[in-house]
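# Notes for the structure review
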Amino acid sequence: MLKAKTIDPAALELLKKAATDGIETVWDRYEAQQPQCGFGTLGICCRHCLQGPCRIDPFGNGPKAGICGTTADVIVARNLLRQVAGGAAAHVDHAYEAVEALELAAEDKINYSIAGEDKLRQIATALGLETPSKDTKALALEVVRVAYADMSNHSRQPLQWLLANAPKERIAVWQSLGILPRNPDREIREAMHQTTMGMDADPVNLVLATAKQGLVDGYAGLKLATDMQDILFGIPSPVVTEANLGVLKSDSVNLIVHGHVPLLSEKIVYWAKKLSAEAEAVGAQSIHVAGICCSGNEVLMRQGIPLATNFLAQELAIVTGAVDVMVVDVQCIMPSLAQVASCYHTELITTMPIVKIPGATHIPFTLENADETAQTIVRKAIAAYKKRDPRKVRIPDQRTTIMAGFSVEAITAALAQLNPQQPLKPLVDNIANGNIFGVVATVGCNNVKVTQDSFHVEMVKELVRNNILVAATGCSAHALAKFGLMNSEGTERFAGDNLKSVLTALGHAAGLGAPLPPVLHMGSCVDNSRIGDLVTAIARYLGVDTAALPVAASAPEPQHEKALSIGTWAVTMGLTTHLGVVPPVLGSKSVTELLTQGLTEVIGGKFYVETDPILAAQGLIADIRAKRKALGL
Ligand code: BF8
Ligand code: SF4
């Protein structure tokens, strides 16, 4: 009855080893959960007060309302709002930590440098701060003050980070709908309040509140986090490395960073290089760092660190028997890792006060002790290497060359080789003449309900074959990296002829001597802000609304609340946003219609649910074709 678990050859190999080693994986637990609750699947269960749980009968024979009178429409809309607020909370909290780090770095209170001075000046200019004469650290503190002012805003003024960065046409739309967010924390609090017992019973009002959370996510979460991280660690530029579990090395200390916030993983990368002599002293070649999930994407983008694997295969990384330490920070960390690690020599290390896992070693990370913590963790990996049992090691011989590091600045620099005065012109001209038929951003996760990576890969192959340029982030980027869509050969193999000719010209102009890849790796999930920035820049250059552009978004295998909040933001930007997994909204016909149709009239964008990858690609292409037609292309 169950579909294939994965198409990733490394994961397939390791699933066999997991079975031999007696390891339970996410797929086993998924099977044990079958059948999953129908009420939960449809989104018509409410536990918001102690009179509940209340469930609505989807067939119309049983209860039509909860004990307090709440209807299915309201339960569904309320649940969705809470999920999107949950995603936004995760991203805003992430961004906040990065703001704090920049503040302390600018005050010389911690050992972090400001590597992205160009980004700092760019952001300061967008915020309307005087930049030319200011010293770097003084300017950084001014930027930090604006970010803190947003976080502590007690007025009704909208979020400054949004006003400074969002397209003007969009701001007008959001204002007319009354969804411009103020203080992000206040908005998230309001969402919790609005959905508690005895509050909003208007599904339309709840859906608009959900859209507001999308804006909180987009600007106080994604954009703010990327901006701060680029200031601290530098703007990414193209790097070449490899992806998939074959990047682990049998003769080196293997240290995996997993999670999302790069504050610790950057330090780990630094100290892994510094302490390599200590690894050599115990007989290892070197200390090899590789990444899982978005911590992996962060250190890939800026340091060229290889990608180990994405969300669904995190347990299997340990099953290789070759991981000495897996260090985690926040988000998307399966608690089961502790159990898996206990069957091997791997030391699982948690570092954050809000992520503790029984069975893991907890080494508290603070900005002040970052270097000491990183050294301790690297040394733990060296010590664990000595305990590695070669009989338990199996590293799949699977790794694929990838090019990553496509920040907007890097893309613009490559385009400037063709047109220094107007770098966006070559891109826009090629979109206008149809060589690039459109752009699709593929983002988000793996989800155990979908054969791992299959939706990302099949849909994107169909898109690039039809001359759609793809930009990817998150676990989608991992999937496409593993399957050869992020190297020059991928352009030769998979891209349609027109797209191939553009990517070839661009690659040569950029001095690569080969085509650019058909899928541009633009970073972690918070780096979806980079895609937003690119779309905003193109719209500004053309003088049109982002909703008019032949651009769409897709989360083919979404699992996290964050994927819903990112998707909601994409919808507020006016993009058709595809989901390859049905979110729990089908229990309300009217809310489903609102999300997939009604929203278009007021906001320009909409959700589009399609669970077949080829049909999804065709649907996105049809949407892009309609937008081209409306633009007269
Ligand atoms: O923030 S794509 S599974 S790792 S939530 Fe998680 Fe989803 Fe992966 Fe990155 Ni994004
Ligand atoms: Fe039931 Fe209403 Fe309480 Fe929800 S808030 S659990 S629908 S009584």
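Figured I'd write up the structure that's included with this text. (Residues numbered from 1 in each chain as written. Chains lettered and ligands numbered in written order. Predicted model: local features only at pLDDT ≥ 70, side-chain atom pairs only at ≥ 80, totals over all residues. Heavy atoms only, no water.)

### Some points on the overall build of the protein
The condition is simple: The helix count covers DSSP runs of H or I at least four residues long, the strand count covers runs of E at least two residues long, and both are numbered beginning at the N terminus. Here the globule rule reads 2.2 Å times residues to the power 0.38, and the radius of gyration is calculated from C-alpha atoms. A simple rule labels every residue: compare its accessible area, found with a 1.4 Å probe on the protein chains alone, to the largest value its type can have, and call it buried under 20%, exposed over 50%, or partly exposed in between. Residue contacts are defined here by distance: any two heavy atoms, one from each residue, within 4.5 Å place the two residues in contact. For accessible areas, the Shrake-Rupley method is used with a probe of radius 1.4 Å. Any residue's cover is judged against the shown protein chains and nothing else.
Within the protein, the secondary structure is distributed over 26 helices and 16 strands. Taken over the C-alpha trace, the protein has a radius of gyration of 24 Å; the compact-globule value for 633 residues is 26 Å, and the two agree within 12%. Judged by the C-alpha coordinates and their principal axes, the protein covers about 65 × 65 × 50 Å. Burial status across the protein gives 62% buried among its 633 residues. Relative to all contacts within the protein whose residues are 6 or more apart in sequence, the contacts with residues 24 or more apart total 76%. Summed over its atoms, the accessible surface of the protein is roughly 23,300 Å², and 53% of this surface lies on carbon and sulfur atoms.

### A word on the coordination of the nickel atom of ligand 1
Here is the rule: Counted as donors are the N, O and S atoms within 2.8 Å of the metal, or 3.2 Å for Na, K and Ca, while water is not among the atoms, so some sites may look incomplete. For four-coordinate sites, all angles between 85 and 135 degrees define a tetrahedron; for four- and six-coordinate sites, opposite donors beyond 155 degrees with the remaining angles between 65 and 115 define square planar and octahedral shapes respectively, and all other cases count as irregular.
Among protein atoms, the single one acting as a donor to the nickel atom of ligand 1 is Cys-525 (SG), 2.2 Å away. In this structure, the nickel atom of ligand 1 is surrounded by four donor atoms whose angles at the metal cover 90 to 164°, and the resulting shape is irregular. Note on placement: Cys-525 falls in the loop between strand S13 (519-523) and helix H23 (528-542).

### Re the packing of aromatic side chains
Our working definition: By convention, a stacked pair of Phe, Tyr or Trp rings (six-membered ring in the case of Trp) has centres within 6.5 Å and planes under 30 degrees apart, an edge-to-face pair has planes over 60 apart, and any other such pair is tilted. Placement of a positive charge over a ring is assigned whenever Lys NZ or Arg CZ falls within 6 Å of the ring centre and within 35 degrees of the normal to the ring plane.
Taken as a whole and assessed by the stated rule, the structure comprises five aromatic pairs. Seen in terms of ring centroids, Tyr-96 and Tyr-148 are 5.9 Å apart; in terms of plane orientation they differ by 50°. Their pairing is tilted. Linking Tyr-96 in helix H4 (residues 72-106) with Tyr-148 in helix H6 (residues 136-151), this pair joins segments that are 52 residues apart in sequence. Under the relative-accessibility criterion, Tyr-148 is labelled buried at 19%. Aromatic rings pair up to connect Trp-174, Tyr-219 and Trp-569 into one cluster. In this structure, Arg-628 is placed above the aromatic ring of Phe-437, and the distance from its NZ or CZ to the ring centre is 4.8 Å.

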